[in-house]
Amino acid sequence: MAEPKENVLMEKIVSLCKRRGFVFQSSEIYGGINGFWDYGPLGAELKRNVKETWWNTMIRQREDVAGLEATIIMSPKIWEASGHVSTFSDPMIDCKTCKGRFRADQTDEIPCPQKPSKCVNECHGEKTAPRAFNLMFQTYVGPVQDDSAVAYLRPETAQAIFAQFKNVMETSRQKVPFGIAQIGKAFRNEVTPRNYTFRSREFEQMELEFFIKPDEAIEAIHGSVATVPPTGHPGEPQPNWGWQAWHQYWVEERVRYYEGIGLSRQTLGFHIQTPEELAHYARATVDILYKFPFSKRDEKGELKGEELEGIAARSDFDLSQHARFSGKPMGVFDEELRGAWGKLPKEKQDDLWRRYYENRKKYLEKSGVETELASKQATEDANGLAKGQYIPHVIEPSAGVDRLILALIANAYTEETKTDDKGKSETTVVMKFHPRVAPIKVAVLPLLKNKPELVAKAREVYDLVRTQMNSFYDDAGSIGRRYARQDEAGTPYCVTIDFETLGEKPELLNTVTIRHRDDGKQERLPIGDLAAWLLARVR
Ligand code: GAP
């Protein structure tokens, strides 16, 4: 039976990634280690570029977001407060026949260890009852390996942001609404890593926690909370935005980001989490999906897509948890709110007070605080609101670097077949990366290797561009072969130094040919203009 088309495509992608040095299996010489991947020379550049585009878009180009780089191992109390110690688990089952260990919620997708390469749960052996398997990797800090020394490798970067909320707010002199963003490694002991790098055990996240005022505060200050059309970008942030407008804003901002690095809207999908799927603290979550070759298909046969990023409205859950567990206040004081509250009619004050009280009480009771204590604490919190104090709510766009790399690789992969005059056809691979993320921005190629004047000029051009962007020098083989190698690496521009560069036609002295990867078109440019021309296209 023929392999499904998309599996063939994934196999080709995996093989290209290894052959060209995008992705290698970690510890390959020892047989590999399941769920861990290394990035080779081209992959490392691609990853660096992706992280830089994210950091620039989310932090440097905004006035309302500050950056953070926190440690991977943190106080284990953080993971108690966040709920990861008690609830961050997958249901695991064992097969009594093949001894495989699987996620109970994915039994239709798991590879059977008896024929790992071929069958998908073909082994219909009897399974054990599901049991919770905590996904956090555990270690010990210090020389004594007892319970008091247990620590965890962080399973998400987000919690460090909440724990450092006050420090960052104070040192960056930000005021709500504002965000804190971080890129870094995360670790999850996934029961079944799968789909190449898509679900790994060590991966990187790019997360923003964007802190906003609770809707009751917005209503007190502005009279009402802005309503925004249910779809589309709601425009520039407005002071009267509540959580729904901010949530929609971040979904659309993130889609624009993906479009800006080459993933068109048609390649993306959306999943609005149902109430049953939502985490208990989340008010809404929208997942941005990419239509990977291994994604499932809908009834119409269209690829549905797999999660690239989740954008969650997490209420004030996280900061509240850290306030309770650490005993340190996480609230902010808002002068504008205090002033506005005093001018509100009594019924409005009562209405807002009651709604805030109800929300706080609901949160406290859900977190296991006993009813009487929860009422007392919620009363204090609502009294605080009337004095201009609240715990900020948060909108969290959380993206996976490795999933995005895989999406960019799958999106770039293009096969082109050319037939020569003699009717002989050849298929080559062109990796059509957006120039902003392409690992190599420009390749400099002397037309011939054995002409010292051409080589010297080419080295001069290479030295000029390499200080500005990642560049590659190649003089080995025919020019056609060299173009083909750069096409496979995804290099958007090749610069060729020929005899005209040296002045064979005086009017073309010190000009070079630029060849465009995607259509093979060529144009001539003075060497003096080259760096600026390239920079305008690759940044
Ligand atoms: N702080 C929220 C959070 O961590 P998540 O949906 O569990 O939310 C966010 O993870 C993103 O991290 C996902 O959308 C995905 O891109 C990436 N991610 C999560 N688990 C992953 C894994 N095992 N391998 C690769 N990427 C993963």
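Computed from a predicted model, the values in this text were never measured in an experiment.

A look at the overall build of the protein
When you go through the protein residue by residue, the secondary structure sums to 16 helices and 23 strands. The principal-axis extent of the C-alpha atoms belonging to the protein is close to 90 × 65 × 55 Å. Evaluated residue by residue, the protein yields a buried proportion of 50% over its 539 residues. Intrachain contacts of the protein at a sequence separation of at least 6 include 64% that bridge at least 24 residues. Approximately 26,400 Å² of the protein is accessible, and the part contributed by carbon and sulfur atoms is 50%.

Observations concerning the pattern of salt bridges
Side chains bearing opposite charge may pair, as long as their charged atoms lie close to each other. Counted by the stated rule, this structure contains 43 salt bridges. When the shortest N-O distance is used, the salt bridge between Arg103 and Glu190 registers 4.0 Å. One end of the pair, Arg103, is in strand β5 (residues 101–103); the other, Glu190, is in the loop between β9 (178–187) and β10 (202–212), and 87 residues separate them in sequence. Of the two residues examined, Arg103 and Glu190, each falls in the buried class. For Arg481, the salt bridge goes to Glu426, with nearest N and O atoms at 3.2 Å.

A short note on the pairing of strand β21 (residues 493–497)
Within β21, five of the five residues are buried, which leaves the element mostly enclosed by the surrounding structure. With burial as the criterion, each face of β21 is covered, one bearing Tyr493, Val495 and Ile497 and the other bearing Cys494 and Thr496. Strand direction decides the pairing type here: strand β19 (residues 442–446) and β21, joined by five bridges, are parallel. Within the sheet, the bridge partner assigned to Ala443 lies in β21 and is Cys494. Taken together, the four bridges between β21 and strand β22 (residues 511–516) define a ladder with antiparallel strand orientation. Looking across to β22, one finds that Cys494 is bridged to Arg515.

As for the domain arrangement of the protein
Each assigned domain of the protein is listed with its residue range as follows: domain 1 (50–346 + 390–404), domain 2 (347–389) and domain 3 (440–538). A separation of 66 Å is found between the C-alpha centroids of domain 2 and domain 3.

Quick notes on the nonpolar core
Within soluble globular proteins, side chains that are nonpolar tend to cluster in buried spots. In this structure, Phe22, Trp250, Tyr258, Leu263, Leu404, Ile409 and Phe433 are the most contacted members of the largest nonpolar core, which totals 63 residues. With residues up to four places along the chain from it excluded, the contact list for Tyr258 reads Leu263, Leu268, Ile288, Leu308, Glu309, Ala399 and Leu404. Counting residues in hydrophobic clusters, the runner-up holds 37 residues, among them Phe165, Ile221, Phe317 and Ala323.

Side note on the site of the ligand
Not every one of the 20 residues close to the ligand is listed here, only the nearest: Glu156, Arg188, Glu190, Glu207 and Glu307. Taking 550 Å² as the accessible area of the ligand by itself, protein coverage stands at 88%. Elements with a contribution of two residues or more to the shell around the ligand: β10, β13 (306–313) and β16 (393–400).

Observations regarding the environment of Glu336
Along the chain, Glu336 turns up in helix α10 (residues 335–342). The sequence separation of Glu336 and Ile514 amounts to 178 residues, and the corresponding C-alpha distance is 57 Å.

Looking at unusual backbone geometry
In this structure, the amide linkage connecting Val176 to the following residue, Pro177, adopts the cis form with an omega of 5°. Despite not being glycine, Ser27 has its phi angle at roughly 55°, a positive value. Mapped onto the secondary structure, Ser27 falls in the loop between β1 (23–25) and β2 (37–39). Looking at Ser27, the relative accessible area reads 34%, which means it is partly exposed. The backbone of Arg173 sits at a positive phi, close to 55°, despite the residue not being glycine. Tracing the chain through its elements places Arg173 in the loop between α6 (165–172) and β9.

Topic: the packing of aromatic side chains
Counted under the stated rule, the structure contains 22 aromatic pairs. Ring-pair connections join several aromatic residues into one group, and the members of that group are Phe210, Trp241, Trp246, Tyr249 and Trp250. In this structure, Arg254 packs its charged tip against the face of Tyr258, placed 5.1 Å from the ring centre. Residue placement shows Arg459 over the ring face of Tyr473; its charged tip is 4.4 Å from the ring centre.

Points about the pairing of strand β18 (residues 425–431)
With seven bridges connecting them, strand β17 (residues 413–419) and β18 associate as antiparallel partners. Within β18, the residue paired with Glu415 across the bridge is Val429. Connecting β17 to the next strand, β18, in antiparallel fashion are five residues, including Gly423 with a positive phi near 85°.

Some thoughts on the packing of helix α14 (residues 452–466) against helix α16 (residues 527–538)
Interhelical geometry of α14 versus α16 gives an angle of 35° and a closest axis separation of 10 Å. Judged by the sense of rotation from one axis to the other, the crossing of α14 with α16 is right-handed. Residue-level inspection shows Lys457, Val461, Leu464 and Val465 of α14 in contact with α16, the latter providing Ile527, Leu530 and Leu534. A class-by-class count of the residues in the contact of α14 with α16 yields six nonpolar, no polar and one charged.

Some remarks on the packing of helix α11 (residues 346–366) against helix α12 (residues 371–386)
Between α11 and α12, the least distance of the axes is 8 Å, while the angle of their chain directions is 140°. As far as their axial angle goes, α12 and α11 are oblique. Classified by chirality, the crossing of α12 by α11 is right-handed. Residue-level inspection shows Leu352, Trp353, Tyr356, Tyr357, Arg360, Lys361, Leu364 and Glu365 of α11 in contact with α12, the latter providing Thr371, Ala374, Ser375, Gln377, Ala378, Thr379, Asp381, Ala382, Asn383 and Leu385. Looking at the contact of α11 with α12, its residues break down into nine nonpolar, five polar and four charged.

Remarks on the side chain of Arg482
When you line up the elements, Arg482 lands in helix α15 (residues 479–489). Within the structure, the side chain of Arg482 is placed 2.7 Å from the backbone oxygen of Pro446, a separation counted as a polar contact. Leaving out residues up to four positions away in the same chain, Arg482 has contacts with Leu445, Pro446, Leu447, Asp474, Asp475, Ala476 and Gly477.

Analysis parameters
Residues numbered from 1 in each chain as written. Predicted model: local features only at pLDDT ≥ 70, side-chain atom pairs only at ≥ 80, totals over all residues. Heavy atoms only, no water. Helix = DSSP H or I, 4+ residues; strand = E, 2+ residues; numbered from the N terminus. Buried < 20%, exposed > 50% of the residue type's maximum accessible area, 1.4 Å probe, protein only. Contact = heavy atoms within 4.5 Å. Areas by Shrake-Rupley, 256 points an atom, 1.4 Å probe, with all protein chains shown as cover. Salt bridge = Lys/Arg side-chain N within 4 Å of Asp/Glu carboxyl O. Pairing = 2+ DSSP bridges. Domains from an automatic or database assignment. Core = buried A, V, L, I, M, F, W, Y, C linked by side-chain atoms within 4.5 Å. Near = heavy atom within 4 Å. Phe/Tyr/Trp six-rings, centres within 6.5 Å; stacked < 30°, edge-to-face > 60°. Lys NZ or Arg CZ within 6 Å of the ring centre and 35° of its normal. Axes fitted to C-alpha atoms, helices over the stretch in contact; angles between N-to-C directions. Left-handed = near helix turned anticlockwise from the far one by under 90°. Nonpolar A, V, L, I, M, F, W, Y, C, P; charged D, E, K, R; others polar. Parallel < 35°, antiparallel > 145°, perpendicular 65-115°, else oblique. Polar contact = N/O pair within 3.5 Å; in protein donor to acceptor, adjacent residues only side chain to side chain.

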